[in-house]
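A look at the structure
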Amino acid sequence: MNNDRYQKGLNKLMEYTTEGNEKVSTHLKIVDDLKDLAPDVGNFIIEFAYGEIYTRPVLDNQQRALIVISSLATQGTEPQLELHINTGLTSGLSPNMIVESIIQLIPYTGFPRVLNALRVAKKVFAERDLYQAKEA
């Protein structure tokens, strides 16, 4: 493990990580869950993804978060989508921005994936007290 690269990645990762709400999915929980099984994967996430990719110039944290949310929604990878909707909110995206970016995917990925992604977003918003179900 390269300590400088790890620290650079950890610093960037923390810009996307909320603390204090145990219900919220975070990369730190993933790294902790994998430490006994595959600790190198946690290091790859921190050193490579966050230390090398997320720290590149040009895009800001919110733009990166929208790109990742859109990609994961089109792939239908719901556990990762939940995590990255959380990182998007922490980066400053509003729930409306996230919902609109998912709706924008309908012509490209179809209604089933969009409906699944919206269900995940609704769950995340509720966990973070950002969504209240409307009473009938």
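Fair warning: this is a prediction, and the values are worked out from it, not measured in the lab.

What counts, and at which threshold
- Residues numbered from 1 in each chain as written.
- Predicted model: local features only at pLDDT ≥ 70, side-chain atom pairs only at ≥ 80, totals over all residues.
- Heavy atoms only, no water.
- Salt bridge = Lys/Arg side-chain N within 4 Å of Asp/Glu carboxyl O.
- Helix = DSSP H or I, 4+ residues; strand = E, 2+ residues; numbered from the N terminus.
- 1 Å grid on protein atoms, 1.4 Å probe; cavity = no way out; pocket = protein on both sides within 12 Å on 5 of 7 lines; lining within 4 Å.
- Points joined across faces, edges and corners; volume = space filled by probe spheres on them.
- UniProt positions renumbered as here; feature names shortened; annotations may be inferred.
- Buried < 20%, exposed > 50% of the residue type's maximum accessible area, 1.4 Å probe, protein only.
- Contact = heavy atoms within 4.5 Å.

1. Brief notes about the pattern of salt bridges
In total, this model carries seven salt bridges according to the counting rule given. The partner of Glu-15 in a salt bridge is Lys-12, and the shortest N-O contact between them spans 2.9 Å. Of this pair, Glu-15 and Lys-12 both sit in helix α1 (residues 3–15), three residues apart, roughly one helical turn. Across the pair Lys-123 and Glu-127 runs a salt bridge, and its minimum N-O distance is 3.5 Å.

2. Digging into empty space enclosed by the protein
Tallied over the entire structure, the rule returns two cavities of 30 Å³ or more. By volume, the largest cavity amounts to about 40 Å³. Lining the largest cavity we find Leu-72, Ala-73, Gly-76, Thr-77, Glu-78, Leu-81, Arg-113, Asn-116 and Ala-117. Listing elements by their share of the lining of the largest cavity, those giving two or more residues are α4 (61–75), α5 (78–90) and α8 (111–127). At three residues, the largest contribution of residues to the lining of the largest cavity is made by α8.

3. A word on the UniProt feature "domain: Carboxymuconolactone decarboxylase-like" (unreviewed entry) in the protein chain
Following the UniProt record, one finds the feature "domain: Carboxymuconolactone decarboxylase-like" (unreviewed entry) at residues 39–122. This span, residues 39–122, is 81% helix and 0% strand, and a straight line between its end C-alpha atoms measures 31 Å.

4. Points about the environment of Leu-105
Checked against the element boundaries, Leu-105 lands in the loop between α6 (95–103) and α7 (106–109). Overall, Leu-105 belongs to the buried group, its relative accessible area being 11%. Considering only alpha carbons, one finds Leu-105 and Gly-20, 85 residues apart in sequence, at a separation of 32 Å. Residue contacts for Leu-105: discarding those within four places in its chain leaves Ser-70, Ala-73, Thr-74, Gly-110 and Val-114.

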